[in-house]
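Residue-level structure breakdown
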Amino acid sequence: MQDTAETPSLLIDGLQYCDWSEDVFRELVETGMTAIHATVTYHGNFQMFVQDVIEWNRLFETYPQYIIKGRSAADILTAKASGKTAVFLGSQNPSPMEDNLGLFEVAHDMGLRVMQLTYNTQSAYGSGCFEPTDNGISLMGREAIAEMNRLGMLIDMSHSGPISTLQAIDLSQRPISITHANPLFWHDSARGKSNDILRALGQTGGMLGFSLYAHHLRNGADCTLSDFCEMVAKTAEIIGPENIGIGSDLCQNRPDSAVAWMRNGMWRKDRQPVAFPEQPAWFNRISDFPGIADGLRNAGFSNTETNGIMGGNWMRFFKSTFQPAVLQG
């Protein structure tokens, strides 16, 4: 028997890349979004990353009534108590580290809390999901994993190939995340994750954030909330309901030039024309986020499980993940 419906106490989105503005920040707060992981950069060197952080710092300074800079899980509780949204900065590409291990600590000091070891293509650390051959985690990638573990910087393998992802799970001394991807059994996409990956992630206490980006949904914009939540329920049987959350990959108000930058960066000469796909009617903006909870309950999740998926699981995960490692000796 299902318990009485209630509003989740925490709403946390594991990945957003909106066109940040006062209107967007106001919508976050009015929706009750407690925290988000926001993409700072997709491509570029360290100086470009620094400029992105400078621009984010200006946003924190300009809109303190809406957002605070997230550095630890305690900031989520601060945001909740003050009616604001904690924003945790992340990079979808390790290119800003420029093959210099020392820059990880510098970036962490600047507020970077999440980083993917690859985007879609080969990086110095591992293979992206679009590469025809997955070479696994490199020697440099092993050093990067150890350094991120030490700092309390979350390893994200959302865009990585299957071998690289499994190796990262095995090599990391702390649980890793896949902040925005869906299982292959439900929808075949380059970024989809196999059952083997899901099991390994769950067994090590990692987190999977389900993507709501239309390219990752069965039937695209015609995907129903019911179908999506049934997929979440089947995934929970593999990984455990305590190891899942939402990582919407929402790109609200972004122009098509933004997705062109994601796909092409500065490395492709023959730049492919791309556009954002149409989103399903039940999820195309921040204010739609709370409605997912009703779909989860209808799919058989209890209120406790639903509250975990909507934010509580990310909160617990961030609480341990963002803590720097305790030095021995």
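All of these numbers come straight from a predicted model, not from anything done at the bench.

1. Observations regarding the packing of aromatic side chains
This structure, assessed with the given rule, holds 19 aromatic pairs. Between the aromatic rings of Y17 and Y42, the centroid separation amounts to 4.8 Å while the plane-to-plane angle is 75°, which identifies the pairing as edge-to-face. In this pair, Y17 sits in the loop between β1 (12-16) and α1 (22-31) while Y42 sits in the loop between β2 (35-41) and α2 (46-62), placing the two residues 25 residues apart along the sequence. Classification of Y17 as buried rests on a relative accessible area of 9%. Of the residues examined, Y42 reaches a relative accessible area of 2% and is grouped as buried. Taking 6.5 Å as the distance between ring centres and 40° as the angle between the ring planes, the aromatic pair formed by Y63 and Y66 counts as tilted.

2. As for helix α7 (residues 195-203)
Structural remark: α-helix, 3.6 residues per turn; residues separated by three or four positions point the same way. For α7, the set of buried residues is I197, L198, A200, L201 and G202. Residues of α7 that are buried sit in contact with α6 (162-171), β7 (177-178), β8 (207-210) and α8 (225-239). Just downstream of α7, G205 is the residue with a positive phi angle, here 80°.

3. Some thoughts on unusual backbone geometry
Positive phi outside glycine occurs at E98, with the angle close to 50°. Along the chain, the position of E98 falls in the loop between β4 (85-91) and α4 (102-109). A positive phi is found at N253, a non-glycine position, where the angle reads about 70°. Among the secondary structure elements, N253 is positioned in the loop between β9 (244-246) and α9 (256-264).

4. Some words on the pattern of salt bridges
Within the structure shown, the criterion is met by nine salt bridges. Close ionic contact of D294 with R297 constitutes a salt bridge, the shortest N to O distance being 3.1 Å. Of this pair, D294 and R297 both sit in helix α10 (residues 292-298), three residues apart, which is roughly one turn of that helix. For D294, a relative accessible area of 46% translates into the label partly exposed.

5. Here we look at the pairing of β2
Moving residue by residue along a regular strand, the side chains alternate between the two faces of the sheet. Of all seven residues that make up β2, seven are buried, and the element is covered over most of its length. Regarding topology, α1 serves as the crossover connection from β1 to the parallel β2, and that connection is right-handed. Relative to β4, β2 runs parallel, the two sharing six bridges. Following the sheet pairing, I36 is matched in β4 by V87.

6. Here we look at the side chain of S91
Examined against the element boundaries, S91 turns out to sit in strand β4. Overall, the relative accessible area of 3% leaves S91 in the buried class.

Criteria and cut-off values
- Residues numbered from 1 in each chain as written.
- Predicted model: local features only at pLDDT ≥ 70, side-chain atom pairs only at ≥ 80, totals over all residues.
- Heavy atoms only, no water.
- Phe/Tyr/Trp six-rings, centres within 6.5 Å; stacked < 30°, edge-to-face > 60°.
- Helix = DSSP H or I, 4+ residues; strand = E, 2+ residues; numbered from the N terminus.
- Buried < 20%, exposed > 50% of the residue type's maximum accessible area, 1.4 Å probe, protein only.
- Contact = heavy atoms within 4.5 Å.
- Salt bridge = Lys/Arg side-chain N within 4 Å of Asp/Glu carboxyl O.
- Right-handed = clockwise from strand over helix to strand, strands pointing away.
- Pairing = 2+ DSSP bridges.

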